[in-house]
Amino acid sequence: MVSKFRVGVIASTHGLRGEVKVFPTTDEPARFLDLEQVILDTGREERTLKIRSVKFFKKFVILGFVGMDRIEDVERLKGAELLIPREDAYPLEEGEYFIPDLIGLKVKTDDGRELGTIVDVIETGANNVYDVCDENGKHILIPAIPDCILDVRIEEGDMTVHLLPGLENL
């Protein structure tokens with residue numbers, strides 16, 4: 001299981017007072033209001049930053065960090081990811097899963113056939129779709145609906161599915 005989740009990526013600076021414009025990668029951008037701190041991942045290092053201010057502008061979240069009060073303090077942060085520990089994530093309802101936990105799950109059918117591994121989760125308006133790829137590089141798209149998804153076992157690393165007619169081209 002993943003221990004940290006990405007909640008945003010720093011797109012640019014915002015103003016001269018050390019704020020950054022963040023593109024949120026969470027389903028709930030308002031969750032930044034509940035956070036006291038985030039983990040800054042520059043790709044070379046991780047460090048914890050305390051949040052001093054949160055604002056919203058169009059599709060972005062504007063964040064200010066304690067100890068970073070000038071544009072010069074945040075210029076080099078562009079492109080860095082903002083992470084939170086798993087324990088700071090919103091609790092899930094039954095049958096809900098964090099996307100990073102689904103990536104890499106082995107998928108088999110209810111009749112025991114191995115289909116492959118989840119390589120992506122496509123978020124659509126109606127329901128998510130799991131992109132499963134086999135060892136030959138063949139992809140099958142499986143809708144995340146109760147008729148198809150029978151059992152998800154994150155700790156065991158696998159999922160059992162029922163393929164509705166037309167989902168698999170033989």
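So, a few notes on the structure that sits alongside this text. Keep in mind that what you see is a predicted model, and the values were worked out from it rather than measured. (Residues numbered from 1 in each chain as written. Predicted model: local features only at pLDDT ≥ 70, side-chain atom pairs only at ≥ 80, totals over all residues. Heavy atoms only, no water.)

1. Here we look at the sheet that holds strand 1 (residues 4–14)
Read once around its circumference, the closed barrel built from six strands follows the order 1-2-5-4-3-6, with strand pairing classed as antiparallel. Each neighbouring strand pair of the sheet contributes to a mean axis angle of 50°, computed without reference to strand direction. Pairing of strand 4 (residues 46–57) with strand 5 (residues 60–65), which is carried by six bridges, proceeds in the antiparallel orientation. Note on strand 5: the bridge partner recorded for F56 is V61. (Pairing = 2+ DSSP bridges. Helix = DSSP H or I, 4+ residues; strand = E, 2+ residues; numbered from the N terminus. Axes fitted to C-alpha atoms, helices over the stretch in contact; angles between N-to-C directions.)

2. Digging into the side chain of K21
The residue K21 is located in strand 2 (residues 19–24) in this model. Buried and without a salt bridge, K21 has E19 as its closest oppositely charged side chain, separated by 10 Å. In contact with K21, not counting residues within four places along its chain, are V9, I10, A11, S12, T13, H14, F60, V61 and I62. (Buried < 20%, exposed > 50% of the residue type's maximum accessible area, 1.4 Å probe, protein only. Lys, Arg positive; Asp, Glu negative; His and termini not counted. Salt bridge = Lys/Arg side-chain N within 4 Å of Asp/Glu carboxyl O. Contact = heavy atoms within 4.5 Å.)

3. Considering the packing of aromatic side chains
A complete count under the given rule lists two aromatic pairs for this structure. Geometrically, the ring pair formed by F5 and F98 is tilted, given 4.4 Å between the ring centres and 40° between the ring planes. One end of the pair, F5, is in strand 1; the other, F98, is in the loop between strand 6 (81–85) and helix 2 (99–102), with 93 residues separating them in the sequence. Both residues of the pair, F5 and F98, belong to the buried class. If you follow K21 out to its NZ or CZ, it ends over the ring of F60, 5.3 Å from the centre. Just above the ring of Y90 sits the side chain of R31; from NZ or CZ to the centre is 4.4 Å. (Phe/Tyr/Trp six-rings, centres within 6.5 Å; stacked < 30°, edge-to-face > 60°. Lys NZ or Arg CZ within 6 Å of the ring centre and 35° of its normal.)

4. A closer look at the pattern of salt bridges
Scanning the model with the defined rule gives nine salt bridges in all. Of the charged contacts in the structure, one is a salt bridge between R153 and D158, with a shortest N-O distance of 2.7 Å. Classification of R153 by relative accessible area gives partly exposed; the value is 32%. Classification of D158 as buried rests on a relative accessible area of 14%. Taken together, the shared-partner salt bridges in this structure form one network comprising R70, E72 and D73.

5. Points about the pairing of strand 11 (residues 149–153)
The two faces of a sheet get side chains in turn, since along a regular strand they alternate between them. Note that strand 11 and strand 12 (residues 158–161) share four bridges and pair antiparallel. Across the sheet, residue V152 finds its bridge partner in strand 12, namely M159. What sits between strand 11 and strand 12 in their antiparallel hairpin is a turn of four residues, with G157 showing a positive phi close to 80°.

6. Brief notes about the layout of surface pockets
Taken as a whole, the largest pocket holds about 960 Å³ of empty space. Considering each element in turn, the lining of the largest pocket owes the most residues, four residues, to strand 11. Its residues placed into classes, the lining of the largest pocket shows 19 nonpolar, four polar and seven charged. (1 Å grid on protein atoms, 1.4 Å probe; cavity = no way out; pocket = protein on both sides within 12 Å on 5 of 7 lines; lining within 4 Å. Points joined across faces, edges and corners; volume = space filled by probe spheres on them. Nonpolar A, V, L, I, M, F, W, Y, C, P; charged D, E, K, R; others polar.)

Limitation: the analysis is restricted to geometry and does not speak to function.
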